[in-house]
Structures are given as C-alpha cells and as structure tokens.
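Commentary on secondary and tertiary structure
Here are the chains, one letter per residue:
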Amino acid sequence: MKCRHECCYRWSSEERLDGKTAIITGANTGIGKETARDLARRGARIVMACRDLERAEEARTDIMEDTGNENVVIRKLDLSDTKSIRAFAEIINKEEKQVNILINNAGVMMCPYSKTADGFEMQLGVNHLGHFLLTYLLLDLIKRSAAARIVVVASVAHTWTGLRLDDINSERSYDTMKAYGQSKLANVMFARSLAKQLQGTGVSVFSLHPGVVQSDLWRHQHQCIQVAVKIFSIFTKTTLEGAQTTIFCAVESGLESQSGGYFSDCAPARCSRAASDDETAQKLWEISCNLLGITWQ
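Cut-offs applied
Residues numbered from 1 in each chain as written. Predicted model: local features only at pLDDT ≥ 70, side-chain atom pairs only at ≥ 80, totals over all residues. Heavy atoms only, no water. Pairing = 2+ DSSP bridges. Helix = DSSP H or I, 4+ residues; strand = E, 2+ residues; numbered from the N terminus. Contact = heavy atoms within 4.5 Å. Axes fitted to C-alpha atoms, helices over the stretch in contact; angles between N-to-C directions. Polar contact = N/O pair within 3.5 Å; in protein donor to acceptor, adjacent residues only side chain to side chain. Expected span 1.5 Å × (residues − 1). Buried < 20%, exposed > 50% of the residue type's maximum accessible area, 1.4 Å probe, protein only. Salt bridge = Lys/Arg side-chain N within 4 Å of Asp/Glu carboxyl O. pLDDT = per-residue confidence, 0-100. Arc of directions from axis to C-beta. Parallel < 35°, antiparallel > 145°, perpendicular 65-115°, else oblique.

What follows covers the sheet that holds strand 7 (residues 262-264). A sheet is described by the order of its strands in space; here eight strands give the open sequence 3-2-1-4-5-6-7-8, paired in mixed fashion. Of all the strands in the sheet, the pair left with one neighbour each is strand 3 (72-76) and strand 8 (267-268). Inspection of the sheet shows strand 4 (residues 101-104) paired to strand 5 (residues 148-153) by four bridges, in the parallel sense. Of the residues in strand 5, the one forming a bridge with Ile101 is Arg149. Contacts between helix 9 (residues 244-251) and the sheet are confined to strand 4, strand 5, strand 6 (203-209), strand 7 and strand 8, with strand 5 contributing the most and set at about 160° to the helix.

Pasting the structure below:
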C-alpha cells in the first residue's frame, strides 16, 4: 500500500483553469469522472462527452455538488458511431468559444468481437478511430484556443502486440488481448504523430498509461479475472489514483517541450519500440484517414 501511495501521489499542483474549457470523453465513470472532478475543482468549464446520458447526469450532479463548479455540461457522444461523433463536434464548434484541453479518455477493453456502427472492430473503432475523428473535427477550434493540450489515455497494453496493418479490423482472426493492445498502440502512435504535425501551433499532445485501475473496463472479462482483480486490488489503483497521470498531462506547466511523449505515474516513461516506429505510424495514419473518409495532411 505504501508503494502504491508514493507512486500515485508524489505529484500535486495548485494550477487553476479558470476561464478554460476541457472536454473529457467517458467522463461519467472511472478515471474520466475523477479527471472531470479535478479539472472542475480547478475552475474549468467541463464538457462531459458521454454515451450514457442517465449515468452522465448522475456524475454531473455529483461533480457540481462536490466542487461547487456549476459550469459542467453534458453532450451526447457515442464513439462507436461516426454520425454521433460528427454531431457532437458540430455542437461543440458552434457552442464553445474555445477548447483548451481535450482528453480522449473513453474506451472499451478486451470485449467479445463486435463491430461499430461503421463496421470497424469495436476496440479499434472506439479507442482509436473514434478519438482520431473527434480530434480531427475539433482541431481548428483547439488551435484557436492555444495554448492547448490534447491528452490521449493509452495503456501499457500497447506493448502487447504490433499493428496488423493487413488485418487492422481483425476480420481474419480475433484475439481480445491483441486487439486491445493494438488499439492502445494506435493511441500512442497517434499522439506522437499528431504532436509532430502540431509543432509551432501552441498545441501539445501527450499519451499515457494510467496504471492498472479498478474500473468498469474489466466488465467484459471472465469472472475469474474479475475476482483476481479484486483479490489483488492492493496492487492496483483506485480510479482517483488512476486519473492522476491524465490530470498531470492536462495541467502541469512546462510540459510543452515533451509534446508527443508517453507518461506513466506522472512522469515521462518509455514506450515500446513499435510505438516509436514512425514509418508504421504514418501507414496507420493513412489507413485511419481512409477508413474514416477524411483528408488530414
């Protein structure tokens, strides 16, 4: 317990976010909710981008009562449906004057094989392609809001596998762990590639591993795995602890020079060799644009 405490709480900040706007996907539960709570406490306007509006309203009420910040709104966003993503982005671009922080947090983990509304493998579609499209659609507004940050919640699972560029949607074969690892690898690659594109714009990009967190993401796992997670909870992080690296990347001053970096436990960390492969990252970028039908230079 002492080790976990030291790893998760060695960082703190009094940084204020008054007058700034933060969008957090999946903000109704888990580390997304704790991230929203923290940024709300710092004075930011919070846009909770959520699929489940009922749970989002419960979370919104809790956050407002806890922080005293009433500038917290909910907007519908289903990352498994590009129509929903485009509708959300249209509302944000119309209603919000600025987006200073975009936190691509929502995700699914090791779920049974299924497809998004657009026919993408679910984990790749939600974890990577959905956030890829969302960022693309909001980027002009984010640039106008600079200095700004884009934070991508990835995972150490990005080290589990490489990209299967010839079967990116796992149509020929499907392994829950490899598909999840591939989607998280895509997250890290996306952050690195985007950071290079945004050099000189005042927009910084970071990816991170939140730790092994006690959250709803385990819901698709075999009951034995869920029991094991509970038994060994002393070695895992609470959602509050798991949110700390996301918050660090969103608010810590002086990180701009490390744009494109990968973080863990509120500090720079080393990503896998595969994640650092710029040639493969460029191929992934092109494939992602083709699948989504967008042109992103």
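Residue placement: Asn105 occurs in the loop between strand 4 and helix 5 (122-144). Between the C-alpha atoms of Asn105 and Gly30, which are 75 residues apart in sequence, the distance is 9.9 Å. Sequence-distant contacts of Asn105, defined by excluding residues within four places in its chain, comprise Ile24, Thr25, Gly26, Ile31, Gly32, His131 and Val153. A polar contact is formed between the side chain of Asn105 and the backbone oxygen of Gly26, at a distance of 3.3 Å.

The next subject is helix 2 (residues 30-41). Because the α-helix completes a turn every 3.6 residues, residues three or four places apart line up on one side. Over its 12 residues, helix 2 extends 17 Å from the first C-alpha to the last, a length consistent with the 16 Å expected when each residue adds 1.5 Å. Those residues of helix 2 that sit buried are Gly30, Ile31, Gly32, Lys33, Glu34, Thr35, Ala36, Arg37, Asp38, Leu39 and Ala40. Immediately beyond the C-terminal end of helix 2, within one or two residues, lies Gly43, with a positive phi of roughly 100°.

Our focus in this paragraph is the pattern of salt bridges. Under the definition given, this model contains 16 salt bridges. We note a salt bridge from Asp62 to Arg37, for which the minimum N-O separation is 3.0 Å. Of this pair, Asp62 sits in helix 3 (residues 53-67) while Arg37 sits in helix 2, and the two are 25 residues apart along the sequence. Owing to a relative accessible area of 27%, Asp62 belongs among the partly exposed residues under this scheme. The exposure class assigned to Arg37 is buried, which follows from its relative accessible area of 11%. Among the ionic pairs, Asp166 bridges to Arg172, the shortest N-O distance being 3.0 Å. For the pair shown, Asp166 and Arg172 are each scored as exposed. One network of salt bridges, in which partners are shared, links Lys33, Glu34, Arg37, Arg41, Asp62 and Asp66.

The subject of this paragraph is the confidence of the model for the chain. When pLDDT is averaged across the chain, the result is 91; 89% of the residues are at 70 or more. Residue range residues 217-222 is modelled with pLDDT below 50. Its contacts to residues more than four positions away, or to other chains, number 19 contacts. Of the regions scoring below 50 in pLDDT, residues 224-234 engages in nine contacts with residues more than four places distant in sequence or in other chains.

Let us now look at helix 4 (residues 82-95). End to end, helix 4 covers 20 Å across 14 residues, agreeing with the expected 20 Å (1.5 Å per residue, within 8%). Where helix 4 is concerned, the buried positions are Thr82, Ser84, Ile85, Phe88, Ala89 and Ile92. Seen from one end, helix 4 has its buried residues packed into an arc of 155°, which puts them on one side. Looking at helix 4, the residues exposed on the side facing more than 90 degrees away from the buried face are Lys83, Glu90 and Lys94. Against strand 1 (21-25), strand 2 (45-50), strand 3, helix 5 and helix 10 (278-292) lie the buried residues of helix 4. Its side-chain oxygen 2.9 Å from the backbone nitrogen of Lys83, Asp81 forms the N-cap of helix 4.

Their axes nearest at 10 Å, the elements helix 6 (residues 176-197) and helix 10 cross at an angle of 95°. Between helix 6 and helix 10, the angle is such that the two are roughly perpendicular. The residues of helix 10 that touch helix 6, namely those facing Ala186, Met189, Phe190, Arg192, Ser193, Leu194, Lys196 and Gln197, are Asp278, Thr280, Ala281, Leu284 and Trp285.

Summarising the element assignment, Thr67 is placed in helix 3. At a separation of 2.8 Å, a polar atom in the side chain of Thr67 contacts the main-chain carbonyl oxygen of Ile63. Only 3.1 Å separates the side chain of Thr67 from the backbone nitrogen of Asn69, close enough to count as a polar contact. Not counting the four nearest positions on each side in its chain, Thr67 is found in contact with Arg37, Ala40 and Arg41.

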